[in-house]
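Overview (structure and organization)
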Amino acid sequence: MRIGEVAEQTGLRIRNIRFYEKKGLIEPDREQDSKYRDYTEEDIRRLKEIILYRKMGFSIEQIHQVLTKKQSVQEVLKQQVIDLEQKQRDIQGAIDLCEKIIDDGCYENFDVERYLSYVKEEETKGKTFAKVDDLLVDFAE
């Protein structure tokens, strides 16, 4: 089966299929004469599995670990729930901070020190916010 047909059946773009191949998540056969990729039903099943994992927020590395049996699906799922719950708490902290600034009516030239103190105080109470190191990585990328 050609890549266009696979894209139709999976809903993926051709470039995504090639990306997953480049990352070693699928390995379609190559036709001897033309070197065209020849996808099988197993390749389609695997791509659908990859789609499902991506919908759960798995990284390419996590998917690779599962597909190569270096980690069990159960292990990765459990860790993913922990990671997503932490992100959810961080997002809620960010929402609360935004709402505080909105409620205070401080849209421009607000007192940065006041709001950093608020964040620090809320963190001592157990609330979480995005880690600055994480934000720096996002900025660098």
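To be clear, the structure that these remarks concern was listed above.
On the surface, Phe 110, Val 112 and Leu 116 cluster together into a nonpolar patch covering about 260 Å² of accessible area. Relative to the elements of secondary structure, Phe 110 occurs in the loop between α5 (73-104) and α6 (112-124).

This next bit is on the pattern of salt bridges. A side chain of one charge can pair with a side chain of the opposite charge if their charged atoms are brought near each other. Using the criterion set out here, one finds 10 salt bridges in the structure. Glu 42 is paired through a salt bridge with Arg 45; the nearest N and O atoms lie 2.9 Å apart. Linking Glu 42 with Arg 45, this pair stays in helix α3 (residues 41-55), spanning three residues, or about one helical turn. Judged by its relative accessible area of 41%, Arg 45 falls in the partly exposed class. Its salt-bridge partner being Arg 45, residue Glu 49 comes within 2.8 Å of it at the nearest N-O pair. One end of the pair, Glu 49, and the other, Arg 45, are both in helix α3, four residues apart, so they sit about a helical turn from each other. Salt bridges linked by common partners bring Asp 96, Glu 121, Glu 122, Lys 125 and Lys 127 together as one network.

Let's shift gears to α3. Between its first and last C-alpha, α3 extends 21 Å over 15 residues, near the 21 Å set by a 1.5 Å rise per residue. Taken as a whole, α3 has its buried residues at Asp 43, Ile 44, Leu 47, Glu 49, Ile 50 and Tyr 53. Buried positions along α3 lie against α1 (3-10), α2 (14-22), β2 (37-38), α4 (60-67) and α5. Looking one or two residues past α3, Gly 57 carries a phi angle of roughly 85°, positive in sign.

This part is about the nonpolar core. By size, the foremost hydrophobic cluster in this structure holds 19 residues, and its most contacted members are Ile 17, Tyr 20, Leu 25, Ile 26, Leu 47, Ile 50 and Ile 63. Taken together, the elements giving at least two residues each to this core come down to α1, α2, α3 and α4. Residues within four places of Leu 47 in sequence aside, it is in contact with Val 6, Thr 10, Leu 12, Ile 17, Tyr 20 and Ile 26. Judged by nonpolar contacts, the second largest core, of six residues, contains Leu 97, Ile 101, Tyr 118 and Phe 129.

What counts, and where the lines are drawn
- Residues numbered from 1 in each chain as written.
- Predicted model: local features only at pLDDT ≥ 70, side-chain atom pairs only at ≥ 80, totals over all residues.
- Heavy atoms only, no water.
- Patch = residues over 30% accessible without salt bridge, like charges linked within 9 Å, V, L, I, M, F, W, Y side chains within 5 Å.
- Areas by Shrake-Rupley, 256 points an atom, 1.4 Å probe, with all protein chains shown as cover.
- Salt bridge = Lys/Arg side-chain N within 4 Å of Asp/Glu carboxyl O.
- Helix = DSSP H or I, 4+ residues; strand = E, 2+ residues; numbered from the N terminus.
- Buried < 20%, exposed > 50% of the residue type's maximum accessible area, 1.4 Å probe, protein only.
- Expected span 1.5 Å × (residues − 1).
- Contact = heavy atoms within 4.5 Å.
- Core = buried A, V, L, I, M, F, W, Y, C linked by side-chain atoms within 4.5 Å.

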